[in-house]
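Chains, contacts and geometry: an overview
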Amino acid sequence: MKLRILVVLVVLALIAGVAYRIQNQAGGDRQAGGDRALSVKTVPVAVRDFPRVIDLPGTLEAAHQVAIAAQASGSVLQQHVQEGDSVRAGQLLFSLDARPAQARIAQSQATLTGARAETAEAEKKRERLSPLLQSGYISRQEFDDAQLALDAARARAGSARAELESARLDVAYAQIRAPIAGRVGRIVVRPGSLVQAGGEPLTTLLAPGTLDVRASVAQQDWPELAAARARGKVTAGIALDADASVRAQGELVFVDAQVDAATGAVPVKVRLTMAPPALLSGQGVRVRLLLGIEPNAKVVPEAALQHAQEGSYVYVVRGGKAVVQPVKLIRSLDGEHVVEGELAAGEPVLIEIPQRLKAGGAVRLEGAGG
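**Regarding the sheet that holds strand E10 (residues 194–195)**
- Spatial ordering of the open sheet is given by E8-E7-E5-E10, a layout of 4 strands whose pairing is antiparallel. At either margin of the open sheet sits one strand with a lone partner, and together these are strand E8 (175–177) and E10.
- Of the strand pairs in this sheet, strand E5 (residues 74–79) and strand E7 (residues 92–96) are connected by 3 bridges, and their pairing is antiparallel. Bridging from a neighbouring strand, Gln 78 pairs with Ser 95 of E7.

**Comments concerning the environment of Ala 178**
- Structurally, the position occupied by Ala 178 is in the loop between E8 and strand E9 (182–184).
- With 112 residues separating them in the primary sequence, Ala 178 and Val 66 have C-alpha atoms 9.1 Å apart.

**A few points about the sheet that holds E9**
- Judged by pairing direction, the sheet is antiparallel, and its 4 strands sit side by side in the order E4-E11-E9-E6 without closing on themselves. Both edges of this open sheet fall to strand E4 (65–68) and strand E6 (86–87), since each of them pairs with a single strand only.

**Some remarks on the pattern of salt bridges**
- In this structure the tally under the stated criterion is 19 salt bridges.
- A salt bridge links Arg 48 to Glu 336; its shortest N-O distance comes to 2.6 Å. Remark: Glu 336 occurs in strand E20 (residues 336–341) and Arg 48 occurs in strand E3 (residues 46–62); sequence separation between them is 288 residues.
- Given the relative accessible area of 30%, Arg 48 is considered partly exposed.
- Here the salt bridges do not stand alone but share partners, grouping Arg 52, Glu 224, Glu 294 and Arg 331 into one network.

**Considering the packing of aromatic side chains**
- Applying the stated criterion to the full structure yields 1 aromatic pair.
- Both rings, one in Tyr 313 and one in Tyr 315, keep their centres 5.7 Å apart while their planes meet at 85°; by these two values the pair is edge-to-face.
- Residue class for Tyr 313 comes out buried when judged on its relative accessible area of 18%.

**Examining the pairing of strand E16 (residues 284–301)**
- Relative to E16, E3 is paired through 13 bridges, and the arrangement is antiparallel. Its bridge partner lying in E16, Pro 51 is registered against Ile 293.
- Sheet topology places strand E13 (residues 235–240) next to E16; 6 bridges connect them, and they run antiparallel. The partner of Ala 236 across the bridge, within E16, is Leu 289.
- Across 4 bridges, the pairing between E16 and E20 is antiparallel. Looking at the pairing, Val 300 lines up with His 337 of E20.

**Quick look at helix H3 (residues 140–173)**
- Taking 1.5 Å per residue as the helical rise, H3 with its 34 residues ought to reach 50 Å, and the 49 Å between its terminal C-alpha atoms agrees with that figure.
- Packing partners of the buried residues in H3 comprise helix H2 (99–135).

**Observations regarding the nonpolar core**
- Val 213, Leu 225, Val 270, Leu 272, Leu 279, Val 287 and Leu 289 are the most contacted members of the largest nonpolar core, which has 26 residues in total.
- Aside from chain neighbours lying at most four places away, what touches Leu 279 is Leu 60, Leu 211, Leu 240, Val 246, Ala 248 and Leu 272.
- Membership of the second largest hydrophobic core comes to 20 residues, among which are Val 81, Leu 93, Val 184 and Val 189.

Reading the values: rules and limits
Residues numbered from 1 in each chain as written. Predicted model: local features only at pLDDT ≥ 70, side-chain atom pairs only at ≥ 80, totals over all residues. Heavy atoms only, no water. Pairing = 2+ DSSP bridges. Helix = DSSP H or I, 4+ residues; strand = E, 2+ residues; numbered from the N terminus. Salt bridge = Lys/Arg side-chain N within 4 Å of Asp/Glu carboxyl O. Buried < 20%, exposed > 50% of the residue type's maximum accessible area, 1.4 Å probe, protein only. Phe/Tyr/Trp six-rings, centres within 6.5 Å; stacked < 30°, edge-to-face > 60°. Expected span 1.5 Å × (residues − 1). Contact = heavy atoms within 4.5 Å. Core = buried A, V, L, I, M, F, W, Y, C linked by side-chain atoms within 4.5 Å.

Right under this line is the structure:
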């Protein structure tokens, strides 16, 4: 019995010793861990000029394009060009059936010939009656009737001449020609189609070379754009949505005088100074308007900026510790932020935040000796 009690006491003593040793070792480890500096990645705060821009979605369109519509009604007899063809000014595009207009020409010519004959006869009659009126051989009414007949004949001749000119114009309009040199767009008619004067365009001619970008500026960005325009020319960079490597430069050439009620934005137009072949009318692009330069701006990477309910902040390394520095975000561009706050040029700010990092905790710059 005594031996059993002695064994139990020895076992309990051993367990207590092991527990005490483990507890002391854990405490030592925690203390050592708390004193150990964390390795952190940083970048220096840059102080430099920073561009002020507005990024917008836009759509390319030909700077000079002409909708080709029929000026006379008729059916399409022949299509002389195909979609995508390059044409010169004056080149024949479509031929309409001119036979109805040609028939009107013949009819108008006959009517005009008859009206001229009536006019000549009425003039002769009035000349014969004029001396008789002075001698009193005819009444004033007879002479007035002769004058009225002459006026009516002249009116019919004038009407016939106008109809003849109209018919001749319709014959000329049956030959639809290119008003400018350019490239033929989508053709919406084919031979046999009936077209109406002033109706839907038959096709569109796009002048070669110059392209415009249509875009809209939000109302909140308008004051800054207006200020930039007041200072001088506003330039722009254009990049293709589908391939950002396709780029061009341009200049703001038009700003609407009012806000678009449907979108709540101000329509603008940028003209490209030189369009690469990969850019075509109708493509979607990104427009970046350069409004000016922010001098001596404090710039940090996007990864350095942290956010909390109290506002934005960065971790800056000062005296070997990670110090929380509140900042105010001013503007952003391409993964960089301009901030205001008590930051000096070259100060290291953390771009990766360790999970164990606490404000004021000891840190060392990655790659530095420790």
